[in-house]
Amino acid sequence: RPSAVAEFLRRSPSAISIDFGSHGIEFVGSSHSRRKAIPLSLYTALTETERLHHTANTLLHIAQAEAGTLAIEMERVDLSAVVRDVTDLYQPLAEERGLRLSMDATADVHILGHRELLSHAVANLIDNAIKYSGKGAAVTVATRAAGGRAIVEVSDTGPGIAREDASRVFDR
């Protein structure tokens, strides 16, 4: 049952996450400041746990959406902040793979949406850009408002999608 698997995965990262607060370590600011505060191996474990938790929540939401049980409550969301948070989360993975990941958010963009689902969507785009760009590539994540619409753009300098594969991009 997909929803049972997703629910299990959603709970598992919580069981293995590390409570740094109980050790007197408090993180304020970006992932860069967090990276400076602890050893690389601990930072990598924390980052991977956060990414696993994010993936499990995405699987849970997909299963709930397919079952028709996903309740979405819309609220005012700072889309730029969502994109910044997700970009910060993926920064270590990009560095590990020899990529440059940057964020271009010239202004705060606010929308009516669901913060967690927006985070999942942005994470998927960034993850794909990192996964399919070659070493030395640059991945840029941008937010802006244009024509009354909010725009999130993830671009990279990787090889792109082969013409024969383009028609299957959105297949599962």
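In this report, the structure presented in the accompanying data block is examined.

Topic: the overall build of the protein chain
Within the protein chain, the secondary structure is distributed over five helices and five strands. Secondary structure elements of the protein chain occur, N-terminal to C-terminal, as α-α-α-β-α-β-β-α-β-β. For the protein chain, with 172 residues in total, the buried portion stands at 30%. Considering only contacts within the protein chain whose residues lie at least 6 apart along the sequence, 74% involve residues at least 24 apart. Carbon and sulfur atoms make up 53% of the accessible area of the protein chain, which totals about 10900 Å².

Here we look at the sheet that holds strand E4 (residues 138-146)
Read from one edge of the open sheet, three strands run E2-E4-E5, paired in mixed fashion. With partners counted over all chains shown, the strands left at the sheet margins are strand E2 (100-105) and strand E5 (149-156), one partner each. Between one strand axis and the next, the sheet turns by 10 degrees as a mean value, whatever way the strands run. Alignment of E4 against E5, held across eight bridges, turns out to be antiparallel. In the strand pairing of E5, Ala146 is matched with Arg149. Helix-sheet contacts for helix H5 (residues 115-132) involve E2, E4 and E5, and the interaxial angle to E5 is about 20 degrees.

Some words on the nonpolar core
Side chains of a nonpolar character, in soluble globular proteins, are inclined to be buried together. By size, the foremost hydrophobic cluster in this structure holds 18 residues, and its most contacted members are Val86, Tyr90, Leu101, Ile126 and Ile130. Counting only elements with at least two residues in this core, the list comes to helix H4 (79-96), H5 and E4. Sort the elements by how many residues they give to this core and H4 lands first, with seven residues. Among residues more than four places away in sequence, those in contact with Tyr90 are Arg51, Leu101, Ala123, Ile126, Asp127 and Ile130.

Thoughts on the packing of helix H3 (residues 40-67) against H5
One can describe the packing of H3 onto H5 by two numbers: an axis separation of 10 Å at closest approach and a directional angle of 115 degrees. Considering the angle they form, H3 stands roughly perpendicular to H5. By crossing handedness, the relation of H3 to H5 is classed as left-handed. Where H3 approaches H5, its residues His54, Asn57, Thr58 and His61 are matched on the opposing element by Glu116, Leu117, Ser119, His120 and Ala123. Along the lines of polarity and charge, the residues of the contact of H3 with H5 split into two nonpolar, six polar and one charged.

How each quantity is defined
Residues numbered from 1 in each chain as written. Predicted model: local features only at pLDDT ≥ 70, side-chain atom pairs only at ≥ 80, totals over all residues. Heavy atoms only, no water. Helix = DSSP H or I, 4+ residues; strand = E, 2+ residues; numbered from the N terminus. Buried < 20%, exposed > 50% of the residue type's maximum accessible area, 1.4 Å probe, protein only. Contact = heavy atoms within 4.5 Å. Areas by Shrake-Rupley, 256 points an atom, 1.4 Å probe, with all protein chains shown as cover. Pairing = 2+ DSSP bridges. Axes fitted to C-alpha atoms, helices over the stretch in contact; angles between N-to-C directions. Core = buried A, V, L, I, M, F, W, Y, C linked by side-chain atoms within 4.5 Å. Parallel < 35°, antiparallel > 145°, perpendicular 65-115°, else oblique. Left-handed = near helix turned anticlockwise from the far one by under 90°. Nonpolar A, V, L, I, M, F, W, Y, C, P; charged D, E, K, R; others polar.

Shape descriptors only; they carry no functional weight alone.
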